[in-house]
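# Understanding the architecture of this molecule
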Amino acid sequence: MKTTVKTICNFILITVISCSNSERQGGITGSSANRDNQETEITYVPGMSLCKAASYPVGVAVSAEKLGDSRYAGVVRREFNSVTAENQMKMAYISVAPGKYDWERADAIVAYAEKNNTRVHGHALLWHESLPPWVENFEGTDEEFEAEIKTYIQAVVEHFKGKVASWDVVNEAIEEDGSWRNTVFLQHMGEDYVARCFRWAREADPGVLLFYNDFNLSSNPVKAQAAADMLKGFQDRGVPVDGVGMQMHIQVETPAISKIADAVNIFTEMGLIVHFSEIDTRLNADDKLTELTYEAALAQENRLGEIVDMYNTIPESQQYGITFWGLRDNESWLLSRYGTDWPLLFTETYEYKIAHRGVIRAFE
Ligand code: G3I
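Residues numbered from 1 in each chain as written. Predicted model: local features only at pLDDT ≥ 70, side-chain atom pairs only at ≥ 80, totals over all residues. Heavy atoms only, no water.

## Some details on the overall build of the chain
Broken down by element type, the chain carries 16 helices and 11 strands. The buried share of the chain, reckoned over its 364 residues, is 58%. Counting contacts in the chain only where the partners sit at least 6 residues apart, residues at least 24 apart contribute 78% of the total. Just so you have it, the chain exposes about 14,600 Å², and 49% of that area is on carbon and sulfur atoms. (Helix = DSSP H or I, 4+ residues; strand = E, 2+ residues; numbered from the N terminus. Buried < 20%, exposed > 50% of the residue type's maximum accessible area, 1.4 Å probe, protein only. Contact = heavy atoms within 4.5 Å. Areas by Shrake-Rupley, 256 points an atom, 1.4 Å probe, with all protein chains shown as cover.)

The following block contains the structure:
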């Protein structure tokens, strides 16, 4: 009963807050007293939405189907002003065959965004883990392969021109030791393939922002430096690049915030825009928890607070925003990969976890 009443109050309280309006509205502070009364609860009643609290876009990874659910879309609309397709703008979802595309689900996400004054970040033009069979098993020459990849990149960027603000042009091209990942793209196109993909994307849309996106950049200095060296080389050679996506699939304890700051500094000092592009915070890496305890939820709140505090130190002109890799804990990719965990900001029943409060308090 108590949870139901709180959920209803929660819904009523913040329904009036929406980020689809362009102007920034003050949040409802009446719930601040509630926060103090819920010190032992893993959820709380918020006084402000994420995108109203933040001075830069706050995003979430979505799917067309989930946005078709009114409850889900209602929370996304209230809390976020940027969306990334978790999967449906990847090559395996769009490319049916050479020169043949399925835009349906990606267009549905864009349609939601246009209707709700929401930015769309495109993810990802090339990623070795999301390949249609015709790419994975390509039987033509390297020249024919490259021509098809160029055609694909330019068709996608042109299709979403003026609708997608930015692209992860290439995702995860670098290994943990800083070497090139031996992907089908490297095998057919050679080490310069990443640069050529950025040039092709820029040719297709002079106005779209172009990002390199990867994981463990915040925890692996060798990998971060290798990415920085690649991007510095782009800058020196006039290869168009605007920013770096640091995925931020992190744990509550690691990496140390100082390590994250060191990695961020490498990229900001190069003049790059920085996107914390896929944030989730594992609480149960040691697999000891069978339920979300208050202690774990509080640790997550504090962790998100320090992460956002850190992000807020980036020069404003280089803040692309922060994007959470999913809405509700039960939807996270981490559960199928690693098992029981609670890595996101909302419970399965759309209650606001105190992790949400950790983000909000970083803006107070
Ligand atoms: O939709 C089908 C469903 O019909 C089928 O029954 C089911 C079982 O096979 O698979 C479902 O598709 C899955 C899809 O997620 C939607 O849930 C795919 O198998 C699964 O591979 C896919 O995983 C995604 C993964 O990327 C691989 O593309 C995750 O949702 C997504 O969160 C994850 O995101 C990546 C980023 O793009 C890049 N950075 C790392 C991050 C985590 O791996």
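Additional details are given in the paragraphs that follow.
## Concerning the pairing of strand β2 (residues 82–85)
Side chains of β2 alternate between two faces, with Ser 82 and Thr 84 and Val 83 and Ala 85 buried alike. Sheet analysis places β2 next to strand β5 (residues 119–127), joined by 3 bridges and oriented parallel. Residue pairing in the sheet places Thr 84 in a bridge with His 121 of β5. (Pairing = 2+ DSSP bridges.)

## Considering helix α11 (residues 193–204)
Helix length check: α11 (12 residues) gives 17 Å between terminal C-alpha atoms against 16 Å at 1.5 Å per residue, within 8%. Counting buried positions along α11 yields 10 of 12 residues, so the element is predominantly enclosed. Residues of α11 that are buried: Tyr 193, Val 194, Ala 195, Arg 196, Cys 197, Phe 198, Trp 200, Ala 201, Arg 202 and Ala 204. Close packing links the buried residues of α11 with β5, α9 (142–159), β6 (166–171), α10 (184–189), β7 (209–214) and α12 (221–237). (Expected span 1.5 Å × (residues − 1).)

## Description of the environment of Met 89
With respect to the helices and strands, the residue Met 89 is situated in the loop between β2 and α6 (91–94). Along the backbone, Met 89 and Trp 103 are 14 residues apart, and their C-alpha atoms lie at a distance of 8.4 Å. Ignoring any residue separated from it by four or fewer positions in sequence, one finds Met 89 in contact with Ile 94, Ala 106, Val 110, Val 120, Gly 122, His 123, Ala 124, Tyr 152, Phe 160, Val 164 and Trp 167.

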